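The residues making up each chain are set out below.
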Amino acid sequence: MTVPLAPASPPRILLVEDSETQALQLRLFLERSGFSVTRYATAEAALEAMNHGLPDLVVADYHLPGMNGDELTRQMRLAMRTRATPVLMLTEASGRDIERQGLESGADAYVPKSADRDLLLLRIRALLRERAAVPADEPGRQSSFRRARILVVDGSATFRAYLSALLAQEGHEVVTADGPDQAMAALEAPGDGFDCVTVDLLGSGFDAIALCRRIDALRGAATGAGAPGFYLVGIGSAASSSKDLLVEAFSAGADDVVAKDVSPKGADADLLAIRVRTLVRRKLLEEDDRRVADEVRRHALAAERAKAEATAAEAKAALAGALAQANHDLEQANHRLKDTQAKLVQAAKMASLGELVAGIAHEINNPLAFILAHQGTVERLIGEVAGSVAEGTPSRRALDKARDRVGSMRLGLSRIQDLVVNLRKFSRLDEGEMQTVDVPDAIENVLALIQHKLGSRIAVRKDFAGAPEIRCSPALLNQVVMNILGNAADAIPGDGTITIETAIRDDHDVIRICDTGPGVPDDLRERIFEPFFTTKPVGSGTGLGLAIAYSVVQAHSGQISVESAPGGGACFVISIPRRAV
């Protein structure tokens, strides 16, 4: 749909005229009248030009080389962009047949080239005024077929009836009025408006020109309020339609003036019907244009909304993804923090234990060596003295008893010496380095350290079928095995059994520690390796034992898992890749 130009812009007229002389005359006349004129010599060139920009009005010669003016109009009416553009048809000769052919092709008005130039200018201004009355952004009506509504204002009852019947045959809905009062009442009545209003310009019962002005003022107010306009047609006599009457009618707001004469053959009546049909067709086309434009706007708005929603959804998805990534990063950071905290706690414990063991070993070793040295001296002297005393005497029996007690003392001192050695092995400072470790010896050392927990109520079964020596950090056996054995001993409420097995499976060294305790529930198996998680009563555990064991095994690129033991209880499986010893 053509958008009305600003008042400062001159209306644009596309002139299609093959005669250079007549084209120059018309162009100069129209430009002096305030129009912007673009001229083309053929209809084909004019159609090509309208592909790049629409004029406000097309003035076309009927006789053109190649495509005629009527075919040019038909082509324009077939295209969505140009079908509502006004077309004024020019011809060399006058005649009803030529006019009928031009109007039936879709032209909006017909003017002979011999007509007065002032009438041509009035026609052009009327067509442009009708075009400007159609708002470019008015919402379209529903896409449906409807009958055009026409108001016939005529003082003659006979002609009202005749014109009503004639227009009704065209499929229009006709309302009649015998004068200004009925006409204005019909126009101001609520409901569907009219598409065309015909006024008898020669009626003696009322001032037709004044009525045209009133109707035009009402139309202007309605169009300004957003209501669709209608066409105003003056009906006069062909014999009396002088230039003055035509000027008055067009100046009063009429969009067209047609003859009222009715011959027996009905030629003038048919021409009147064609002229009305042409105006109504333009009105319906403009409504269709508004509807299509409104549909296009709605689709454009829907597309914009869909695009905005898609953009918002993408932004929301990106935000959700960023939030999920942030949560994942926070979870990983929290996990690393807990691991670091557990390692720091263990490092502090091991450092304190190392200092404690070093102090104990130092403090015990010196007096222990002194006692062992004197014990050997005392035992030797007692043996020498006993050799000089006769058998069976009380003195000999006392010496033999003293020698037995000294031997028992030697055994106890040896056990103390072994305990100190095991403590030093367990807490040695180079435990983070990879070494060749004697597996059975290391496990025996751990069992000796936790013997106070095992006591006589827990039996330990050992099956060392795996490699006797493995390449690993001593902490793997000292720390991990001790934590698991300590937990197993705590989990067995009364008498029970702990089974320790070693094996080689698929280039992995495997250590299995099973107990006959209550086992680990399925819902807790994924949490028992978390730092500070414990099932023991408050004050009985820190929840770091298995977390430290998990970290040490991972440092060896291995795995630690828990499963149900064959006879009940829990079974911890430690698996680390084999390394060359």
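It should be emphasised that the depicted structure is a prediction, and the values quoted were computed from it without experimental measurement.

Another point: the sheet that holds strand E17 (residues 570–577). Pairing in this open sheet of five strands is mixed, and the strands run E12-E14-E15-E17-E16 from one edge to the other. Taken across any chain shown, the strands that pair with only one partner, and hence form the sheet edges, are strand E12 (458–464) and strand E16 (559–564). Ignoring strand direction, the axes of neighbouring strands in this sheet form an average angle of 15 degrees. Bridging between strand E15 (residues 508–515) and E17 involves seven bridges; their strand directions are antiparallel. Note on E17: the bridge partner recorded for His508 is Pro577. On the sheet, helix H12 (residues 439–449) packs against E12 and strand E14 (496–505) and is oriented at approximately 170 degrees with respect to E12.

Okay, unusual backbone geometry next. Located in the positive-phi region is Asp507, a residue other than glycine, with phi close to 60 degrees. Here Asp507 is to be found in the loop between E14 and E15. Overall, Asp507 belongs to the exposed group, its relative accessible area being 62%. In this structure, Ser557 takes a positive phi of about 60 degrees despite not being glycine. Residue position: Ser557 is located in the loop between helix H15 (545–555) and E16.

Read from one edge of the open sheet, five strands run E7-E6-E8-E9-E10, paired in parallel fashion. Among the strands making up the open sheet, the edge pair consists of strand E7 (173–177) and strand E10 (256–259). Taken pair by pair, the neighbouring strands of this sheet meet at an average axis angle of 25 degrees, ignoring direction. Sheet analysis places strand E9 (residues 231–236) next to E10, joined by four bridges and oriented parallel. Each residue of the ladder has a partner; that of Ile235, found in E10, is Val258. Sheet strands touched by helix H7 (residues 180–188): strand E6 (149–153), E7 and strand E8 (196–200). Its angle to E6, the strand with the most contacts, is close to 160 degrees.

Thresholds, definitions, all that
Residues numbered from 1 in each chain as written. Predicted model: local features only at pLDDT ≥ 70, side-chain atom pairs only at ≥ 80, totals over all residues. Heavy atoms only, no water. Pairing = 2+ DSSP bridges. Helix = DSSP H or I, 4+ residues; strand = E, 2+ residues; numbered from the N terminus. Axes fitted to C-alpha atoms, helices over the stretch in contact; angles between N-to-C directions. Contact = heavy atoms within 4.5 Å. Buried < 20%, exposed > 50% of the residue type's maximum accessible area, 1.4 Å probe, protein only.

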